[in-house]
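Notes for the structure review
For reference, the chains in residue letters:
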Amino acid sequence: MRALLQRVSQACVRVDGQAVGQIGAGWLILLGIRKGDTREAAQWLAEKCIHLRGFADEEGKMNRSLVDIGGHLLVVSQFTLYGNCQRGRRPGFDDAAPPELAKELYLLFCEHARSLGLQVEQGIFQADMQVSLVNAGPVTFLVER
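As the structure is a computational prediction, the values presented were derived from the model and not from experiment. (Residues numbered from 1 in each chain as written. Predicted model: local features only at pLDDT ≥ 70, side-chain atom pairs only at ≥ 80, totals over all residues. Heavy atoms only, no water.)

1. Focus: the overall build of the chain
The helix and strand inventory of the chain stands at three helices and eight strands. For the chain, the sequential pattern of α-helices and β-strands runs β-β-β-α-β-β-α-β-α-β-β. For the chain, the spread of C-alpha atoms along the three principal axes comes to 45 × 35 × 30 Å. Taking all 145 residues of the chain together, 41% fall into the buried category. Here the analysis covers contacts within the chain between residues at least 6 apart in sequence; of these, 72% occur between residues at least 24 apart. Put simply, the chain shows about 8000 Å² of open surface, and 46% of that area lies on carbon and sulfur atoms. Side-chain charges of the chain comprise 16 positive and 16 negative groups, with the mean position of each set lying 5 Å from the other. (Helix = DSSP H or I, 4+ residues; strand = E, 2+ residues; numbered from the N terminus. Buried < 20%, exposed > 50% of the residue type's maximum accessible area, 1.4 Å probe, protein only. Contact = heavy atoms within 4.5 Å. Areas by Shrake-Rupley, 256 points an atom, 1.4 Å probe, with all protein chains shown as cover. Lys, Arg positive; Asp, Glu negative; His and termini not counted. Charge placed at Lys NZ, Arg CZ, Asp CG, Glu CD.)

2. Observations concerning the packing of aromatic side chains
A full pass over the atoms with the stated rule returns four aromatic pairs. Seen in terms of ring centroids, Y106 and F125 are 6.0 Å apart; in terms of plane orientation they differ by 40°. Their pairing is tilted. In this pair, Y106 is assigned in helix α3 (residues 99-115) and F125 in the loop between β7 (120-122) and β8 (129-144), connecting sequence segments 19 residues apart. Side by side, Y106 and F125 carry an identical accessibility label, which is buried. By the ring-pair criterion, three or more aromatic residues cluster together here, those being W27, F55 and F141. (Phe/Tyr/Trp six-rings, centres within 6.5 Å; stacked < 30°, edge-to-face > 60°.)

See the structure below:
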């Protein structure tokens, strides 16, 4: 499972021109799920993202987590994080989880983050989405389990 975290001052995901999720300061997470990922991996990754110290303290050092700053999450499913571009010119997606498993773990990731007291917005699984963001820093991390 992969989470691409982008520290944002704001982010929004739209489907058919309508905002379905938007946040102020926090993490925009593009979440990729591969074959063989588990419920435990989804919960572990949610906690890792929430507690990752990627936000500045008074001295400008990355010492604060999303919880510390009272930030929000916008989680968007992103199977292309498991696109293999090593051969040819067309990415292969053999490592990506089948849609049923991916949706289950995507929703579990979001619900687990909510259960920890965070505001969590999300995209719509398998929809054609337009994501806009203001990347703060920019700061981007790839976290894997």
